[in-house]
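Chain residues, written in single-letter form:
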Amino acid sequence: MPTKAPEDRYDAAPFVPEGAGLDVLRRAAADCRGCPLHRAATRTVFGAGNTDARVMLVGEQPGDQEDRQGRPFVGPAGKLLDRALAEAGIDPAAAYVTNAVKHFKFTRAEPRKRRIHKAPSLREMTACGPWLAAELALVEPELIVILGATAGKALLGSSFRVSQVRGTVLEEEIHGRPERLVPTVHPSAVLRADDREQAYQGLVADLKVAARALG
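Residues numbered from 1 in each chain as written. Predicted model: local features only at pLDDT ≥ 70, side-chain atom pairs only at ≥ 80, totals over all residues. Heavy atoms only, no water.

In the annotation of an unreviewed UniProt entry, the entry for the protein reads Type-4 uracil-DNA glycosylase, and the organism field reads Streptomyces canarius.

**Things to note about unusual backbone geometry**
You will see that E140, though not glycine, has its phi angle at about 50°, which is positive. Positionally, E140 belongs in the loop between helix 4 (122-139) and strand 6 (143-147). By relative accessible area, E140 is classed as exposed at 51%. A positive phi is found at H175, a non-glycine position, where the angle reads about 50°. Among the structural elements, H175 can be located in the loop between strand 7 (170-174) and strand 8 (177-184). (Helix = DSSP H or I, 4+ residues; strand = E, 2+ residues; numbered from the N terminus. Buried < 20%, exposed > 50% of the residue type's maximum accessible area, 1.4 Å probe, protein only.)

**A few points about the pattern of salt bridges**
On inspection of all chains with the given rule, the structure shows 12 salt bridges. The partner of R39 in a salt bridge is E7, with the nearest N and O atoms 3.2 Å apart. In this pair, R39 sits in the loop between helix 1 (22-29) and strand 1 (48-49) while E7 sits in the segment before helix 1, placing the two residues 32 residues apart along the sequence. Each member of the salt-bridge network shares a partner with another, and the members are D64, D67, R68 and R115. (Salt bridge = Lys/Arg side-chain N within 4 Å of Asp/Glu carboxyl O.)

**Brief notes about the sheet that holds strand 2 (residues 55-59)**
Overall, mixed pairing links the 6 strands, which are arranged 1-3-2-6-8-7 in an open sheet. The open sheet has two edge strands with one neighbour each: strand 1 and strand 7. Summarising the sheet, strand 2 and strand 6 pair through 4 bridges and their orientation is parallel. When the bridges of strand 6 are listed, V55 appears paired with L143. Sitting on the sheet, helix 5 (residues 149-156) touches strand 2, strand 6, strand 7 and strand 8, and the angle it makes with strand 6 is about 130°. (Pairing = 2+ DSSP bridges. Contact = heavy atoms within 4.5 Å. Axes fitted to C-alpha atoms, helices over the stretch in contact; angles between N-to-C directions.)

See the structure below:
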(Lines give C-alpha, C1' and ligand atoms only; values in the text may rest on other atoms or scores of the structure.)
Protein backbone atom coordinates (compact mmCIF):
# COMPACT_ATOMS: atom_id res chain seq x y z
CA MET A 1 0.00 0.00 0.00
CA PRO A 2 1.54 3.40 -0.97
CA THR A 3 2.57 5.75 1.86
CA LYS A 4 0.42 8.83 2.24
CA ALA A 5 2.00 12.15 1.29
CA PRO A 6 2.39 14.40 4.38
CA GLU A 7 -0.28 16.82 3.14
CA ASP A 8 -2.85 14.04 2.87
CA ARG A 9 -2.65 13.51 6.63
CA TYR A 10 -3.99 17.03 7.33
CA ASP A 11 -1.71 17.56 10.32
CA ALA A 12 0.95 20.25 10.64
CA ALA A 13 2.23 18.89 13.98
CA PRO A 14 5.18 16.94 12.45
CA PHE A 15 6.51 20.21 10.98
CA VAL A 16 6.31 22.27 14.20
CA PRO A 17 9.60 22.31 16.17
CA GLU A 18 9.03 22.04 19.92
CA GLY A 19 10.09 24.92 22.15
CA ALA A 20 11.29 27.01 19.22
CA GLY A 21 11.50 30.79 19.09
CA LEU A 22 9.58 32.87 16.59
CA ASP A 23 12.28 32.98 13.90
CA VAL A 24 12.75 29.21 14.01
CA LEU A 25 8.99 28.66 13.87
CA ARG A 26 8.67 30.98 10.90
CA ARG A 27 11.44 29.19 8.99
CA ALA A 28 9.92 25.80 9.79
CA ALA A 29 6.48 26.96 8.67
CA ALA A 30 7.91 27.89 5.27
CA ASP A 31 8.39 24.16 4.64
CA CYS A 32 5.03 23.03 6.05
CA ARG A 33 3.22 20.40 4.02
CA GLY A 34 0.63 19.63 6.67
CA CYS A 35 -2.30 20.00 4.27
CA PRO A 36 -2.76 20.35 0.49
CA LEU A 37 -3.11 24.16 0.58
CA HIS A 38 0.66 24.63 0.30
CA ARG A 39 0.61 23.28 -3.27
CA ALA A 40 -1.15 26.27 -4.86
CA ALA A 41 -0.05 29.03 -2.49
CA THR A 42 3.00 31.15 -3.26
CA ARG A 43 4.40 30.90 0.27
CA THR A 44 3.54 30.30 3.91
CA VAL A 45 2.33 33.46 5.65
CA PHE A 46 3.29 33.17 9.31
CA GLY A 47 2.35 35.52 12.14
CA ALA A 48 4.18 38.79 12.73
CA GLY A 49 4.69 41.18 15.60
CA ASN A 50 6.14 41.40 19.06
CA THR A 51 6.35 38.14 21.03
CA ASP A 52 5.73 40.26 24.16
CA ALA A 53 2.46 41.56 22.70
CA ARG A 54 -0.45 41.81 25.13
CA VAL A 55 -2.99 41.24 22.34
CA MET A 56 -2.99 38.67 19.54
CA LEU A 57 -5.22 39.24 16.52
CA VAL A 58 -6.27 36.06 14.72
CA GLY A 59 -7.74 36.24 11.23
CA GLU A 60 -8.86 33.59 8.78
CA GLN A 61 -6.10 33.10 6.21
CA PRO A 62 -3.76 35.15 4.03
CA GLY A 63 -5.25 37.07 1.12
CA ASP A 64 -3.79 37.69 -2.31
CA GLN A 65 -1.37 40.45 -1.24
CA GLU A 66 -0.32 38.57 1.89
CA ASP A 67 0.41 35.47 -0.19
CA ARG A 68 2.60 37.49 -2.56
CA GLN A 69 4.46 39.40 0.18
CA GLY A 70 4.66 36.66 2.81
CA ARG A 71 3.34 38.85 5.63
CA PRO A 72 -0.11 38.93 7.31
CA PHE A 73 -2.55 41.84 6.97
CA VAL A 74 -0.64 43.88 4.41
CA GLY A 75 -3.55 44.25 1.96
CA PRO A 76 -6.57 46.61 2.09
CA ALA A 77 -8.17 44.74 5.02
CA GLY A 78 -4.96 45.06 7.02
CA LYS A 79 -4.77 48.80 6.44
CA LEU A 80 -8.38 49.18 7.58
CA LEU A 81 -7.66 47.04 10.65
CA ASP A 82 -4.69 49.22 11.63
CA ARG A 83 -6.87 52.33 11.40
CA ALA A 84 -9.64 50.73 13.49
CA LEU A 85 -7.18 49.52 16.13
CA ALA A 86 -5.63 52.97 16.49
CA GLU A 87 -9.08 54.57 16.73
CA ALA A 88 -10.02 52.07 19.46
CA GLY A 89 -6.88 52.85 21.46
CA ILE A 90 -4.77 49.78 20.60
CA ASP A 91 -1.36 50.38 19.05
CA PRO A 92 -1.22 48.21 15.90
CA ALA A 93 2.57 48.04 16.17
CA ALA A 94 2.29 46.53 19.66
CA ALA A 95 0.00 43.66 18.58
CA TYR A 96 0.85 40.21 17.25
CA VAL A 97 -1.13 39.37 14.11
CA THR A 98 -1.62 35.95 12.58
CA ASN A 99 -4.12 33.75 10.80
CA ALA A 100 -5.78 30.45 11.69
CA VAL A 101 -4.61 29.08 8.32
CA LYS A 102 -1.17 29.97 6.99
CA HIS A 103 -1.69 29.39 3.25
CA PHE A 104 -3.91 31.29 0.82
CA LYS A 105 -6.85 29.19 -0.42
CA PHE A 106 -8.34 30.49 -3.63
CA THR A 107 -10.13 29.67 -6.83
CA ARG A 108 -9.87 31.14 -10.34
CA ALA A 109 -12.62 31.53 -12.93
CA GLU A 110 -9.95 31.17 -15.63
CA PRO A 111 -6.17 30.69 -15.74
CA ARG A 112 -4.24 33.93 -15.16
CA LYS A 113 -7.41 35.63 -13.89
CA ARG A 114 -7.67 37.19 -10.43
CA ARG A 115 -7.45 34.73 -7.56
CA ILE A 116 -10.72 34.64 -5.60
CA HIS A 117 -10.56 33.94 -1.86
CA LYS A 118 -12.16 30.65 -0.81
CA ALA A 119 -12.91 29.88 2.84
CA PRO A 120 -10.77 27.10 4.34
CA SER A 121 -12.51 23.95 5.50
CA LEU A 122 -12.69 22.87 9.14
CA ARG A 123 -10.29 20.05 8.25
CA GLU A 124 -7.75 22.55 6.88
CA MET A 125 -8.14 24.79 9.94
CA THR A 126 -7.64 21.82 12.27
CA ALA A 127 -4.57 20.72 10.32
CA CYS A 128 -3.01 24.17 10.79
CA GLY A 129 -3.93 24.33 14.49
CA PRO A 130 -0.49 23.27 15.80
CA TRP A 131 1.07 26.42 14.32
CA LEU A 132 -1.44 28.64 16.13
CA ALA A 133 -0.91 26.65 19.33
CA ALA A 134 2.84 27.27 19.06
CA GLU A 135 2.28 30.99 18.53
CA LEU A 136 -0.02 31.21 21.55
CA ALA A 137 2.48 29.35 23.74
CA LEU A 138 5.24 31.71 22.66
CA VAL A 139 3.41 35.05 22.80
CA GLU A 140 1.17 34.26 25.79
CA PRO A 141 -1.19 37.16 25.03
CA GLU A 142 -3.44 38.65 27.67
CA LEU A 143 -6.23 38.84 25.09
CA ILE A 144 -7.06 37.31 21.71
CA VAL A 145 -9.13 39.28 19.21
CA ILE A 146 -10.96 36.91 16.88
CA LEU A 147 -11.41 38.43 13.43
CA GLY A 148 -14.38 36.80 11.75
CA ALA A 149 -16.30 33.54 11.73
CA THR A 150 -13.58 31.29 10.31
CA ALA A 151 -11.03 32.30 12.95
CA GLY A 152 -13.71 31.80 15.60
CA LYS A 153 -14.49 28.30 14.38
CA ALA A 154 -10.78 27.45 14.32
CA LEU A 155 -10.41 28.50 17.95
CA LEU A 156 -13.82 27.71 19.45
CA GLY A 157 -15.37 25.01 17.25
CA SER A 158 -17.79 24.76 14.36
CA SER A 159 -20.80 26.08 16.33
CA PHE A 160 -19.18 29.53 16.68
CA ARG A 161 -21.27 32.43 15.29
CA VAL A 162 -19.57 35.81 15.31
CA SER A 163 -22.91 37.67 15.18
CA GLN A 164 -23.97 36.14 18.51
CA VAL A 165 -20.88 37.00 20.57
CA ARG A 166 -19.12 39.92 18.86
CA GLY A 167 -18.01 42.69 21.18
CA THR A 168 -18.10 40.50 24.30
CA VAL A 169 -15.26 39.10 26.43
CA LEU A 170 -15.22 35.31 26.39
CA GLU A 171 -13.19 33.04 28.66
CA GLU A 172 -12.31 29.70 27.11
CA GLU A 173 -9.56 27.10 27.12
CA ILE A 174 -7.66 27.26 23.81
CA HIS A 175 -4.99 24.67 23.00
CA GLY A 176 -4.70 23.85 26.70
CA ARG A 177 -4.42 27.48 27.87
CA PRO A 178 -7.10 29.60 29.60
CA GLU A 179 -7.65 32.59 27.32
CA ARG A 180 -9.76 35.73 27.17
CA LEU A 181 -11.14 36.46 23.72
CA VAL A 182 -13.08 39.27 22.05
CA PRO A 183 -14.72 38.27 18.75
CA THR A 184 -15.47 40.76 15.99
CA VAL A 185 -15.94 40.77 12.23
CA HIS A 186 -13.05 40.38 9.83
CA PRO A 187 -11.99 43.73 8.35
CA SER A 188 -12.56 42.34 4.85
CA ALA A 189 -16.26 42.05 5.76
CA VAL A 190 -16.25 45.80 6.43
CA LEU A 191 -14.82 46.40 2.96
CA ARG A 192 -17.61 44.29 1.43
CA ALA A 193 -20.43 45.86 3.47
CA ASP A 194 -23.20 47.86 1.79
CA ASP A 195 -22.90 50.49 4.52
CA ARG A 196 -19.15 50.51 4.99
CA GLU A 197 -19.09 53.35 7.54
CA GLN A 198 -21.61 51.65 9.80
CA ALA A 199 -19.71 48.36 9.54
CA TYR A 200 -16.44 50.14 10.31
CA GLN A 201 -17.88 51.84 13.40
CA GLY A 202 -19.12 48.43 14.57
CA LEU A 203 -15.59 47.03 14.25
CA VAL A 204 -14.16 49.99 16.19
CA ALA A 205 -16.78 49.53 18.93
CA ASP A 206 -15.79 45.86 19.32
CA LEU A 207 -12.10 46.76 19.42
CA LYS A 208 -12.84 49.33 22.15
CA VAL A 209 -14.20 46.43 24.24
CA ALA A 210 -10.86 44.70 23.68
CA ALA A 211 -8.97 47.86 24.67
CA ARG A 212 -10.97 48.13 27.91
CA ALA A 213 -10.36 44.45 28.64
CA LEU A 214 -6.62 45.07 28.35
CA GLY A 215 -6.99 47.93 30.86
